[in-house]
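# Structural overview for review
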Amino acid sequence: MNRRKFFSTSAVSVSGIALSAHLTGFAGKEKPVEENDLMKEVMKYRKIDSHAHVYFTEDSPETQIGYADRLGIDKMVISRPMRPGSKGLPEEFIACNDLILKSMKKYPDRFIGQPTINPAFPKQAMEEIDRCMDHGMTGLKLYNHVKISDPLFYPVIEKYIDMKMIILMHMGIGKSRVIFDAREPENVSTPDDFVIAAKRYPEAMFQLAHLAGGGDWLDACKAVAPYPNVFVDVSGSNNEGDIIPYAMEYVGEDRIFFGCDNSFFQGVGHMMAAELTESQQKKLFFDNYNNVLKKSGNHVDR
């Protein structure tokens, strides 16, 4: 590890540790003077978490709301993807979406719901989108059953163009630059698939998921840089120190979304360590995603 990488990575680690220590009540022998200043800085920014999840457990979504409260996250864009390796049957994605609807009903002021579908079942997928939209959802969260560039997605993308809503697609999680995680199926989307979809549908809006999720974020930023209809979120738990500065350089400050993917301390920590200006923090934490929501009339400040 070179000196620059060590210090940039350390900055993220320190921010994440400081947030974790502060919010969990941990106290060492000498409490850092900077800790309270860091939390004041964290809390002064309004935040939309553009990539969040709830689970089929008794303590969810309350657990997610608890973290959001402690980190000043106003809204969370939640979905429940189908389990890795599943067949993605209609009954699976309907059950996932029912969980989101239940969570939205319980916390209407905190959750923005996104449906999930599998376009390999065209009729049921389109019907499910309509059902979820009728119940107040917005956008779409896709996983790894079908590549975003596959023709099966064309009718779905065209529908979302008409609705002026964004499509969030999972990006493959790699253990290194050349090896995908074993759980990733053959049809997982790569940055090249985003490029194919973005070129075919320049009117559509795509969100490339979790730059900090363990994939090749360098390649991803370079690949989508020329396509203004592709946004990236910086969520994930693999928070190498240069991710946000690199995305700022290649993708630009108007196309980056704050997100945690439920790695809350890391998600906020590497934002605070990125040495962004106050204007840039406001854009990434809140304004950029809210501007996308405005296109369909679902923005926060209605």
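For the structure itself, consult the block above.
For clarity, every value in this text was computed on a predicted model and none was experimentally measured.

## Regarding the overall build of the protein chain
- Along the backbone of the protein chain there are eleven helices and eight strands.
- Summarising the internal contacts of the protein chain: among those between residues at least 6 apart in sequence, 76% fall at separations of at least 24.
- About 13800 Å² of surface is accessible on the protein chain, with carbon and sulfur atoms providing 53% of the total.

## Topic: the sheet that holds strand 6 (residues 205-208)
- One open sheet holds the five strands; their spatial order is 4-5-6-7-8, and the pairing between them is parallel. Two strands in the sheet have a free side with no partner beyond their single neighbour: strand 4 (140-142) and strand 8 (256-257).
- Both strand 7 (residues 230-233) and strand 8 contribute to a ladder of two bridges, which runs parallel. Bridge pairing in strand 8 places Asp-233 opposite Phe-257.
- Its contacts with the sheet place helix 6 (residues 154-163) against strand 4, strand 5 (166-169) and strand 6, and it is angled at close to 140 degrees to strand 5.

## Things to note about the pairing of strand 6
- The side-chain alternation of strand 6 yields two buried faces, one formed by Met-205 and Gln-207 and the other by Phe-206 and Leu-208.
- Where strand 5 meets strand 6, four bridges bridge the pair, whose relative direction is parallel. Within the sheet, the bridge partner assigned to Ile-167 lies in strand 6 and is Phe-206.
- Between the parallel pair strand 6 and strand 7, the chain is carried across by helix 8 (residues 217-224), and the sense of this crossover is right-handed.

## Focus: the pattern of salt bridges
- Evaluated as defined, the whole model comprises 14 salt bridges.
- A salt bridge links Lys-159 to Asp-130; the nearest nitrogen and oxygen atoms lie 2.8 Å apart. Taken together, the residues Lys-159 in helix 6 and Asp-130 in helix 5 (residues 122-134) connect sequence positions 29 residues apart.
- Among the salt bridges present, the one from Asp-193 reaches Lys-147, with a minimum N-O distance of 3.1 Å. You can see Asp-193 sitting in helix 7 (residues 191-200) and its partner Lys-147 sitting in the loop between strand 4 and helix 6, a full 46 residues away along the chain.
- Under the relative-accessibility criterion, Lys-147 is labelled partly exposed at 23%.

## A word on the nonpolar core
- Counting residues in hydrophobic clusters, the biggest one holds 76 residues, and the most contacted among them are Ile-117, Phe-153, Phe-206, Leu-208 and Leu-211.
- In terms of residues, this core owes the most to one element, helix 4 (residues 90-106), which gives six residues.
- Residue contacts for Leu-208: discarding those within four places in its chain leaves Met-169, Met-171, Phe-194, Ala-220, Val-224, Val-230, Phe-231, Val-232 and Asp-233.
- Counting twelve residues, the second-largest nonpolar core is a separate cluster that includes Ile-48, Val-77, Phe-231 and Val-292.

## A closer look at the packing of aromatic side chains
- Summed over all chains, the structure comprises ten aromatic pairs.
- Considering the side-chain rings of Tyr-154 and Tyr-201, the 5.7 Å spacing of their centres and the 65 degrees angle between planes classify their relative orientation as edge-to-face. You can see Tyr-154 sitting in helix 6 and its partner Tyr-201 sitting in the loop between helix 7 and strand 6, a full 47 residues away along the chain. With respect to class, Tyr-154 is no different from Tyr-201; both count as buried.
- Where Trp-217 meets Tyr-246, the ring centres are 5.5 Å apart and the plane angle is 85 degrees; that geometry is what we call edge-to-face. With Trp-217 in helix 8 and Tyr-246 in helix 9 (residues 243-250), this pair connects stretches of sequence that are 29 residues apart.

## Examining the packing of helix 8 against helix 9
- At a closest axis distance of 9 Å, the pairing of helix 8 and helix 9 adopts a crossing angle of 15 degrees. Taken together, helix 8 and helix 9 sit at an angle that is classed as roughly parallel. Crossing of helix 8 against helix 9: the hand is right-handed. Residue-level contacts link Trp-217, Leu-218, Cys-221 and Lys-222 of helix 8 to Ile-243, Tyr-246, Ala-247 and Tyr-250 of helix 9.
- Its residues placed into classes, the contact of helix 8 with helix 9 shows seven nonpolar, no polar and one charged.

## Some thoughts on the sheet that holds strand 3 (residues 111-113)
- Spatially, 1-2-3 is the arrangement adopted by the three strands of the open sheet, whose pairing is parallel. Two strands lie at the open edges of the sheet, namely strand 1 (48-53) and strand 3, each paired on one side alone. Strand-to-strand, the axes of this sheet are offset by a mean angle of 30 degrees, without reference to chain direction.
- Bridge count between strand 1 and strand 2 (residues 75-79): four bridges; the pairing is parallel. Each residue of the ladder has a partner; that of Asp-49, found in strand 2, is Met-76.
- Contacting strand 1, strand 2 and strand 3, helix 11 (residues 278-294) crosses the sheet at an angle of about 75 degrees to strand 1.

## As for the environment of Phe-286
- Along the polypeptide, Phe-286 turns up in helix 11.
- With relative accessibility at 6%, the residue Phe-286 sits in the buried group.
- With 240 residues separating them in the primary sequence, Phe-286 and Arg-46 have C-alpha atoms 6.0 Å apart.
- Each residue touching Phe-286, except ones within four places of it in the same chain, is listed here: Arg-46, Lys-47, Ile-48, Val-300 and Asp-301.

So, how was this worked out
Residues numbered from 1 in each chain as written. Predicted model: local features only at pLDDT ≥ 70, side-chain atom pairs only at ≥ 80, totals over all residues. Heavy atoms only, no water. Helix = DSSP H or I, 4+ residues; strand = E, 2+ residues; numbered from the N terminus. Contact = heavy atoms within 4.5 Å. Areas by Shrake-Rupley, 256 points an atom, 1.4 Å probe, with all protein chains shown as cover. Pairing = 2+ DSSP bridges. Axes fitted to C-alpha atoms, helices over the stretch in contact; angles between N-to-C directions. Buried < 20%, exposed > 50% of the residue type's maximum accessible area, 1.4 Å probe, protein only. Right-handed = clockwise from strand over helix to strand, strands pointing away. Salt bridge = Lys/Arg side-chain N within 4 Å of Asp/Glu carboxyl O. Core = buried A, V, L, I, M, F, W, Y, C linked by side-chain atoms within 4.5 Å. Phe/Tyr/Trp six-rings, centres within 6.5 Å; stacked < 30°, edge-to-face > 60°. Parallel < 35°, antiparallel > 145°, perpendicular 65-115°, else oblique. Left-handed = near helix turned anticlockwise from the far one by under 90°. Nonpolar A, V, L, I, M, F, W, Y, C, P; charged D, E, K, R; others polar.

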